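A look at the structure
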Amino acid sequence: MAEIRIAKKLTQANDEVAKENRRKFGELGILAVNIMGSPGSGKTSMLEALAGRMQGTAIAVIEGDLETDRDARRIEKAGMKAVQITTGRACHLDAGMVRQGLEALDLRGIGLLAVENVGNLVCPAGYDLGEDMRIVVSSIAEGDDKAAKYPPMFARADIIVLNKMDLLPLVDFDMDGFAADARAVNPGAELFRISCKTGEGVSALAERLACARGGKAGKTVSAKPGAKRRR
Ligand SMILES: Nc1nc2c(ncn2[C@@H]2O[C@H](COP(=O)(O)OP(=O)(O)OP(=O)(O)O)[C@@H](O)[C@H]2O)c(=O)[nH]1
Ligand SMILES: [Mg+2]
């Protein structure tokens, strides 16, 4: 019982900081995107692929990993600003970590802030970071059953990205089954099929994000407390 009470308090504290983050993104007109998915699904690769296709939108990235700054270095190499948060043992980012990341970034001129969450299909789903949009990256290599087996992660996604489409001829993957499971768990989510290796589908995703960013920048202050979230 005591453990349950503590967990509730922690989540409430997280939600307060998430609100502050959301307010800040609203004031700055920045689209904040929380990118989640299994280790190796292609979260960093997707950001690298998007970088060259989002002309006119400067991207900054908060990278979350248990150890190393390898992903942040990849992001900088691709021309984006980056800050690495190493969580040690924590299997997800929380709103306080994102706030710390924001303090370390120069956000002037930034249109899109991407938060690459710790690779994990379970824990990150439970934490609001103050984001506008959630993207779950799954991949052909992981198998077609992930939406059905990890529903909380997929249920809260605005966009589901199915990456590594180039591997489809090599892997037994039931595309219709994956799409049906995703629809059953989350009928409102948009599905993008991409390959970071060949570039297939990445431009369409870039256009979708640019459009969302345009909508956000057009609002004066969009981060009102209690603003609509599909939670
Ligand atoms: N064939 C193929 N390989 C890909 C594709 N996208 C990513 N990869 C490879 O998949 C591996 C993992 O990609 P990352 O982008 O590092 O994955 P990640 O989700 O950021 O991984 P973590 O940060 O460890 O959770 C790398 O070897 C990539 O080169 C793709 O579209 N096709
Ligand atoms: Mg990564």
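The structure reproduced in this document is the subject of the present report. (Residues numbered from 1 in each chain as written. Chains lettered and ligands numbered in written order. Predicted model: local features only at pLDDT ≥ 70, side-chain atom pairs only at ≥ 80, totals over all residues.)

Attention now goes to the overall build of the chain. Across its full length, the chain holds eight helices and seven strands. By the compact-globule yardstick of 17 Å for 231 residues, the chain fits well, its C-alpha radius of gyration being 17 Å. By principal-axis analysis of the C-alpha atoms, the chain measures approximately 50 × 45 × 35 Å. Residues classed as buried in the chain amount to 42% of the 231 residues present. Counting contacts in the chain only where the partners sit at least 6 residues apart, residues at least 24 apart contribute 76% of the total. (Helix = DSSP H or I, 4+ residues; strand = E, 2+ residues; numbered from the N terminus. Rg over C-alpha atoms; globule rule 2.2 N^0.38 Å. Buried ≥ 20, exposed ≤ 12 C-beta atoms within 10 Å, placed from the backbone. Contact = placed C-beta atoms within 7 Å.)

So, on to the pairing of strand 1 (residues 31-37). Of all seven residues in strand 1, seven are buried, a share of seventy percent or more. Bridging between strand 1 and strand 4 (residues 110-116) involves five bridges; their strand directions are parallel. Each bridged residue has a counterpart across the sheet, and for isoleucine 35 the counterpart in strand 4 is glutamate 116. With five bridges connecting them, strand 1 and strand 5 (residues 133-139) associate as parallel partners. Directly across from isoleucine 35, in strand 5, lies its bridge partner isoleucine 135. (Pairing = 2+ DSSP bridges.)

This next bit is on unusual backbone geometry. In this model, threonine 68 sits at a positive phi of 75°, which is unusual for a non-glycine residue. Of note, threonine 68 is situated in the loop between strand 2 (58-65) and helix 3 (70-77). Although it is not a glycine, lysine 164 sits at a positive phi angle of roughly 70°.

Moving on, we get to the nonpolar core. Counting residues in hydrophobic clusters, the biggest one holds 56 residues, and the most contacted among them are Val61, Ala114 and Val115. It is strand 1 that provides the largest number of residues to this core, a total of five residues. Once residues within four sequence positions are removed from consideration, alanine 114 is found in contact with Val33, Ile35, Leu47, Ile59 and Val61. (Core = buried A, V, L, I, M, F, W, Y, C linked by C-beta atoms within 7 Å.)

Lining the immediate surroundings of ligand 1 are 17 residues, of which Gly42, Thr44, Ser45, Gly119 and Lys197 lie closest. Here the shell around ligand 1 gets three residues from one element, more than from any other, and that element is helix 2 (residues 43-51). Tallied by class, residues from the shell around ligand 1 come to three nonpolar, nine polar and five charged. (Near = placed C-beta within 6 Å. Nonpolar A, V, L, I, M, F, W, Y, C, P; charged D, E, K, R; others polar.)

Before going further, it helps to spend a moment on the pairing of strand 3 (residues 81-86). Direction of pairing for strand 2 relative to strand 3: parallel, over a ladder of six bridges. Residue pairing for strand 3: isoleucine 62 is matched across the bridge by valine 83. Viewed along the sheet, the connection from strand 2 through helix 3 into strand 3 turns out right-handed. (Right-handed = clockwise from strand over helix to strand, strands pointing away.)

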